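Structure assessment
What follows is the residue order along each chain.
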Amino acid sequence: MDNLIPMFQSFLGLGATVILPVFIFILGLIFGCGPAKAFRSGLTIGVGFTGVFLVVGLLTENLGPAAHAMVENFGIHLNVIDVGWPAAASIAWASPVSALVLPVCLIVNAIMLFTKTTKTMDVDIWNYWHFAFCGAFVYTWTGSLVQAMIAAILFEIVVLKIADWTAPYMENYFELEGISVPTGSTCSYAPIGIPLIWLIQKIPVIKDLKADPDYIQQKFGIFGEPIFMGLVLGCILGALAGYTPGNIVKVGVAMAGVMVLMPRMVKLLMEGLIPISEAAREFLKKRFGEGHNIYIGLDAAVTTGHPAVIATALILVPITVFLAVIIPGNNVLPFGDLATIPFIVAMIVAAARGNIVHSVIAGIIVISLSLLMATAVAQFHTQMAIAAQFKMPEGTTMISSIDQGGNLIHFVIFKLFALFN
């Protein structure tokens, strides 16, 4: 086991832009695409995800420092630091559970596909860290590898079922046919956010408020286009951070770039995925008959370039900081996962058909609950980080994260195991 963990971590260190093309190439061969076609699809997907992650990097590199500056500008002090998903992922992969998660969860996914208990083929190997984190949390609490793996598998099963449930949004709203999103953070907020949208759209007056990108563009013309929305919202965020005029414009242009570039990167990604998806359908049709279809499970990053998703997220960044101050019982200072808000709200926005007002209202409720859950597990989250020899931020005594500490699925599973132990 001691040798297996470093090997496993080295493999994951290659990143999604290498791991995913390899898996896509193998799937292409299995589904009968032929070596050349399978290789081209895998390579195109790798290039597409490289572009997607570059744009996500553009988002986080500008949004993270702006959010941090905004917190300092307002003089906010809370005793639990949100260290963000990268820290949570590193803690997860440092656990002894991590070496077993990849093979076991791949087997579980295959069994569920064969038994038709899911339609999602989760090829997003990197994001198996969400399963590993849940398992690692339970392992630190119980010391039992068996219980830890049961927790990780439960997390995976719930995520796959939610990915199936939300797949129609991928096709009907994001126009990504044959795709689902089994990303742990995005799936966690769907069971709360989607019913909230249904409820919000029943409330008089509020239900009639229109604020989707198409309506905004129709109302404001060229100034309602996504590129201008990104510029304006980015500049507002920079101003709240107390930036100089030049840096305010810099953040605005970066957010405008995200609005324009992300959809083009996703289009390239889909170019590589379509041949594999079509081959998979034919493969399953021949062996199982009509009606047996699958979704290719990808990173939720493919949803984050939609104008309504970015706009909702940018509006929620300062609101999240404000919520952290006023919510009774919250001790988490939002920081690391503020740039993850586009992933949190993706399915909420899709359920709202891009209505930014409705999405923001639902987002406020969801993020409020997330902050309270992250606060509730902060002490144990910190113990887990220390056990994994995670380097704590200077001057910090307790950590948590909105992404995982405030993850509904993880929170419920952990509480169940805590109850029985």
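Rules behind the numbers
Residues numbered from 1 in each chain as written. Predicted model: local features only at pLDDT ≥ 70, side-chain atom pairs only at ≥ 80, totals over all residues. Heavy atoms only, no water. Helix = DSSP H or I, 4+ residues; strand = E, 2+ residues; numbered from the N terminus. Rg over C-alpha atoms; globule rule 2.2 N^0.38 Å. Contact = heavy atoms within 4.5 Å. pLDDT = per-residue confidence, 0-100. Pairing = 2+ DSSP bridges. Core = buried A, V, L, I, M, F, W, Y, C linked by side-chain atoms within 4.5 Å. Buried < 20%, exposed > 50% of the residue type's maximum accessible area, 1.4 Å probe, protein only. Patch = residues over 30% accessible without salt bridge, like charges linked within 9 Å, V, L, I, M, F, W, Y side chains within 5 Å. Areas by Shrake-Rupley, 256 points an atom, 1.4 Å probe, with all protein chains shown as cover. Salt bridge = Lys/Arg side-chain N within 4 Å of Asp/Glu carboxyl O. Disulfide = S-S within 2.5 Å. Axes fitted to C-alpha atoms, helices over the stretch in contact; angles between N-to-C directions. Parallel < 35°, antiparallel > 145°, perpendicular 65-115°, else oblique. Left-handed = near helix turned anticlockwise from the far one by under 90°. Expected span 1.5 Å × (residues − 1). Lys, Arg positive; Asp, Glu negative; His and termini not counted. Polar contact = N/O pair within 3.5 Å; in protein donor to acceptor, adjacent residues only side chain to side chain. Phe/Tyr/Trp six-rings, centres within 6.5 Å; stacked < 30°, edge-to-face > 60°.

Focus on the overall build of the protein chain
- Broken down by element type, the protein chain carries 16 helices and 6 strands.
- What you see for the protein chain is a C-alpha radius of gyration of 21 Å, in line with the 22 Å of a compact globule of 421 residues.
- For the protein chain, the spread of C-alpha atoms along the three principal axes comes to 55 × 50 × 40 Å.
- Excluding contacts between residues fewer than 6 apart, the proportion of contacts in the protein chain whose partners are at least 24 apart in sequence is 82%.

Let's talk about the confidence of the model for the protein chain
- When pLDDT is averaged across the protein chain, the result is 82; 90% of the residues are at 70 or more.
- For the protein chain, helix 1 (residues 4-12) is the element with the lowest average pLDDT, namely 60, and helix 7 (residues 145-172) is the one with the highest, namely 93.

Things to note about the sheet that holds strand 6 (residues 399-400)
- Pairing is parallel in the open sheet, where 3 strands are placed in the order 5-1-6. Edge positions in the open sheet fall to strand 5 (332-333) and strand 6, since each of these has one partner strand only.
- In this sheet, strand 6 lies alongside strand 1 (residues 80-82) in parallel orientation, the contact comprising 2 bridges. Looking at strand 6, one finds that D82 is bridged to S400.

Things to note about the nonpolar core
- Judged by nonpolar contacts, the single largest core of 137 residues is most densely connected at F31, L298, V302 and I341.
- Among the elements that make up this core, the one with the highest residue count is helix 11 (residues 245-288) (14 residues).
- If sequence neighbours within four positions are ignored, F31 has contacts with M121, I276, A279, A280, F283 and I294.

Concerning a nonpolar patch on the surface
- On the surface, V18, V22, I26 and I30 cluster together into a nonpolar patch covering about 320 Å² of accessible area.
- Considering the arrangement of structural elements, one finds V18 in helix 2 (residues 16-30).

Here we look at unusual backbone geometry
- One non-glycine residue, K116, lies in positive phi territory at about 60°.
- Within the element layout of this structure, K116 appears in the loop between helix 5 (98-114) and strand 2 (120-122).
- The backbone of V205 sits at a positive phi, close to 70°, despite the residue not being glycine.

Section: the sheet that holds strand 4 (residues 295-297)
- With respect to topology, 3 strands assemble into an open sheet ordered 2-4-3, the strand pairing being parallel. Only two strands of the sheet have a single neighbouring strand rather than two, namely strand 2 and strand 3 (179-180).
- Pairing between strand 2 and strand 4: 3 bridges, direction parallel. Each residue of the ladder has a partner; that of M121, found in strand 4, is I296.

Some points on the state of the cysteines
- Applying the stated criterion across every chain, the model contains 0 disulfides.
- Not part of a disulfide, C187 finds its nearest cysteine sulfur in C134, a span of 14 Å.
- Given a relative accessible area of 2%, C187 falls into the buried group.

Focus: the packing of helix 12 (residues 307-326) against helix 13 (residues 341-351)
- Relative orientation of the contacting elements helix 12 and helix 13 amounts to 125°, with a least axis distance of 9 Å. The orientation of helix 12 with respect to helix 13, classified from their angle, is oblique. Of the two elements, helix 12 crosses helix 13, and the hand of that crossing is right-handed. The residues of helix 13 that touch helix 12, namely those facing A308, V309, T312, A313, L316, V317 and T320, are I341, P342, V345, A346 and V349.

Here's the deal with the environment of R264
- Turning to its location among the elements, R264 is positioned in helix 11.
- What makes R264 exposed here is its relative accessible area of 57%.
- For R264 and C33, which are 231 residues apart along the polypeptide, the C-alpha to C-alpha distance reads 25 Å.

Thoughts on helix 3 (residues 35-74)
- When the terminal C-alpha atoms of helix 3 are compared, their 57 Å separation across 40 residues agrees well with the 58 Å that a helix rising 1.5 Å per residue should span.
- Following helix 3 by one or two positions, G75 adopts a phi angle in the positive range, close to 65°.

Quick word on the side chain of D403
- Here D403 lies in the loop between strand 6 and helix 16 (408-420).
- For the buried D403, no salt bridge is present, and the opposite-charge side chain at shortest range is K415, 18 Å distant.
- At 3.0 Å, the side chain of D403 and the side chain of Q404 are in polar contact.

Some thoughts on the packing of aromatic side chains
- On inspection of all chains with the given rule, the structure shows 11 aromatic pairs.
- With 5.1 Å between their ring centres and 50° between their planes, Y128 and F131 make a pair best called tilted.
- Residue classification places Y128 among the buried positions, given a relative accessible area of 1%.
- Judged by centre distance (5.6 Å) and plane angle (85°), the ring pair of W141 and F414 falls under edge-to-face.

Regarding the side chain of T118
- Mapped onto the secondary structure, T118 falls in the loop between helix 5 and strand 2.
- For T118, a relative accessible area of 5% corresponds to the buried category.
- Excluding anything up to four places from it in sequence, T118 contacts N109, M112, L113, L160 and D164.

Here's the deal with the environment of N79
- Of note, N79 is situated in the loop between helix 3 and strand 1.
- You can call N79 partly exposed: its relative accessible area is 45%.
- N79 sits 320 residues away from I399 along the chain, and the two C-alpha atoms are 8.4 Å apart.
- Dropping the residues within four chain positions of it, N79 is found in contact with N331, T397 and M398.

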